[in-house]
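# Examining the three-dimensional arrangement
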Amino acid sequence: MKVTLTVTDGPHAGREFAFAGRDSFLVGRSKDAHFQLSYDDPYFSRRHFVVEVNPPRCRLLDLKSRNGVSVNGSRASVCELRHGDEVRAGHTLFRVAVSAPDPDSVPTLDLPAAPAPDATVAHSAAPPPEAAGGGVPGYRLGVELGRGGMGVVYRAVREADGVPAAVKLITPSPGAGGRAVERFLREARILCQLRHPHVVRFLEAGEAGDKLLIAMELVAGTDAARLSAARGPLPVATAVRIVCQALAGLAHAHAAGYVHRDVKPHNVLLGGPKGARTAKVADFGLARAFEASRLSGLTLNGEVGGTPAFMAPEQVTHFRGVTPAADQYAAAATLYYLLAGRNAFDLPRDVGAALVMILTDPPVPLRDRRPELPAGLAAVVHKAMARDPADRYPDATACRAALAPFAS
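Now for a look at the structure at hand. This is a predicted model, so every value here is computed, not measured. (Residues numbered from 1 in each chain as written. Predicted model: local features only at pLDDT ≥ 70, side-chain atom pairs only at ≥ 80, totals over all residues. Heavy atoms only, no water.)

### Quick word on empty space enclosed by the protein
Gaps left between atoms are located by rolling a probe of water-molecule size over the structure's atoms. Quick note on the threshold: Only protein atoms enter the calculation, which uses a 1 Å grid: trapped sets of points that fit a 1.4 Å probe without letting it out are cavities, open sets showing protein on both sides within 12 Å along at least five of seven lines are pockets, and any residue with an atom within 4 Å of a point is a lining residue. Grid points are joined across faces, edges and corners, and a volume is the space filled by probe spheres set on the points. Under the scheme applied, nonpolar residues are Ala, Val, Leu, Ile, Met, Phe, Trp, Tyr, Cys and Pro; charged residues are Asp, Glu, Lys and Arg; polar residues are all the others, including Gly.
Across all of its chains, the model carries two cavities of 30 Å³ or more by this definition. Empty space within the second largest cavity amounts to approximately 30 Å³. Taken together, V243, A246, V263, V268, A331 and T334 make up the full set of residues lining the second largest cavity. Tallied by class, the residues present in the lining of the second largest cavity amount to five nonpolar, one polar and no charged.

Put into structure tokens, the structure is as follows:
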């Protein structure tokens, strides 16, 4: 199953771009564009539009281009594309082809947006779902702990040995097939091999009725986002220690070949006795496995949620080629948030404008948010958030070493 974009009119007529898996496709004049237009078509902006692909689905997002994008003759800002659609920008016309058994049956509706990111601290007394195939084999579910783009997390007890756990129930995107489920579960089970004091441990992965089940270590405490919301900007040493511990977990996983892709304050859990809490990175590798498996549908929906504020620019332009440097960027953006109580960018609500800002603008200087912070600390944060991955620290360990003097 694949999606193909063919240029049928304009200076580049005949060119074809095919996508067999999750990917992004940036069109414009900038050097980071996958389809780079020259002055042969002067109506294109530097970054004109991006297409998010997850076969058999794809969605176009206009990146606030000067002359706009039309789909089947109508101006579009965010539009899900179907087999046979025609996309025009400037003098260039693209035709969309979806190689599905029945192109007319390609699903076009996303799952309802979840109201809040994942967390492992209870915020609802909602009972566990009754529709999960009659229950969850091997686990007794308790209260809801949190929810996010991948699913809902419940406090649970493993029936075999009474071990407390956090169970995430995931509803696959409409149209996801059995092979996608198998691939996701296979990759999720591999993650069970990841062991580190600063990484939330995976226990098992499987199916529960029409949902997928991921059982994880239960971290009794809160997360960095909730801590910041409750206390405001954190003391320097506290914020730096949290992120240094997260970087230690990231470095371990990177050495094993894993990239998180969704590091943010909500995914940094803080557990242990009061006064001796430690940070653990949650959902390690699940974001990549979920996205690559075609279970996730599409994510660009015209509004900005929590994740874009911590997303490295290369995650927008080169989805499939994201490296550990993106996790370093996100960890630094998380530290920025914990220190300032605000994100590094004042992102507009429109997702197209927000992505353009991430791609083109520097973060607001950290000391503009909190002037009393050490200049050296701000310099470390901004280096780790450099737009070009080559300008960041060589790896998570080097970034952690640069932050270490500010942890005491």
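The rest of the description comes next.
### Some points on the packing of helix 6 (residues 324–340) against helix 9 (residues 375–384)
This is how the line gets drawn: Here the axes come from fitting lines to C-alpha atoms, over the contacting stretch only for helices, and the angles between their N-to-C directions go from 0 to 180 degrees. Only DSSP runs of H or I covering at least 4 residues are called helices, and only runs of E covering at least 2 are called strands; the numbering of each starts at the N terminus. Throughout, a crossing is termed right-handed when the near helix is turned clockwise from the far one, and left-handed when it is turned anticlockwise from it by less than a right angle. We call two residues contacting when some pair of their heavy atoms lies within 4.5 Å.
It is at 8 Å that the axes of helix 6 and helix 9 come closest, and there the two elements cross at 140°. Note that helix 6 runs across helix 9; the crossing there is left-handed. In this structure, helix 6 uses Q328, Y329, A332, L335, Y336 and L339 to contact helix 9, whose residues at the interface are L377, V381, H382 and A384.

### Section: helix 10 (residues 396–403)
In an α-helix, one turn spans 3.6 residues, which is why side chains three or four residues apart end up on the same side. Stated formally: Per-residue accessibility, obtained with a 1.4 Å probe over protein chains only, is compared with the maximum for each type, and a residue is labelled buried under 20%, exposed over 50%, and partly exposed between these values. The directions from the helix axis to the C-beta atoms are what the arc is built from. Counted as a polar contact is a pair of N or O atoms within 3.5 Å, where, for protein atoms, one must be capable of donating a hydrogen and the other of accepting one, and residues adjacent in sequence contribute only when both atoms are in side chains.
Regarding helix 10, the residues found buried are A396, C399 and L403. Buried positions in helix 10, seen along its axis, are confined to an arc of 60° and lie on one side of it. Of the surrounding secondary structure, the elements contacted by the buried residues of helix 10 are helix 3 (236–255), helix 6 and helix 9. For helix 10, the N-terminal cap is D395; the gap from its side-chain oxygen to the backbone nitrogen of T397 is 3.2 Å.

### Observations concerning the packing of aromatic side chains
The test is simple: Stacked, tilted and edge-to-face are the three classes assigned to paired rings of Phe, Tyr and Trp, where Trp is represented by its six-membered ring and a pair needs centres within 6.5 Å; plane angles under 30 degrees give stacked, over 60 edge-to-face, the rest tilted.
A full pass over the atoms with the stated rule returns six aromatic pairs. Aromatic pair F35 and F94: ring centres 5.7 Å apart, planes at 90°, arrangement edge-to-face. Taken together, the positions of F35 in strand 4 (residues 35–36) and F94 in strand 11 (residues 92–98) put the pair 59 residues apart, joining distant regions of the chain. Summarising the burial analysis for this pair, F35 and F94 share the class buried. A centroid spacing of 6.2 Å and a plane angle of 80° characterise the contact between F310 and Y337, whose relative ring orientation is edge-to-face. One end of the pair, F310, is in the loop between helix 4 (286–292) and helix 5 (313–317); the other, Y337, is in helix 6, and 27 residues separate them in sequence. Both residues of the pair, F310 and Y337, count as buried. Three or more aromatic residues joined by ring pairs make a cluster, and in this case those are F17, F19, F25, F35, F49 and F94.

### A few points about the sheet that holds strand 18 (residues 268–271)
Condition: One requirement defines pairing of two strands: DSSP has to find at least two bridges between them.
Strand order across the open sheet formed by three strands is 17-18-19, with antiparallel pairing between neighbours. Edge positions in the open sheet fall to strand 17 (221–223) and strand 19 (278–281), since each of these has one partner strand only. Averaged over all pairs of adjacent strands, the angle between their axes in this sheet comes to 30°, without regard to strand direction. For strand 17 and strand 18, the ladder comprises three bridges, and the chain directions are antiparallel. Across the sheet, G221 pairs through a bridge with G271, a residue of strand 18. Its contacts with the sheet place helix 2 (residues 224–231) against strand 17 and strand 18, and it is angled at close to 90° to strand 17.

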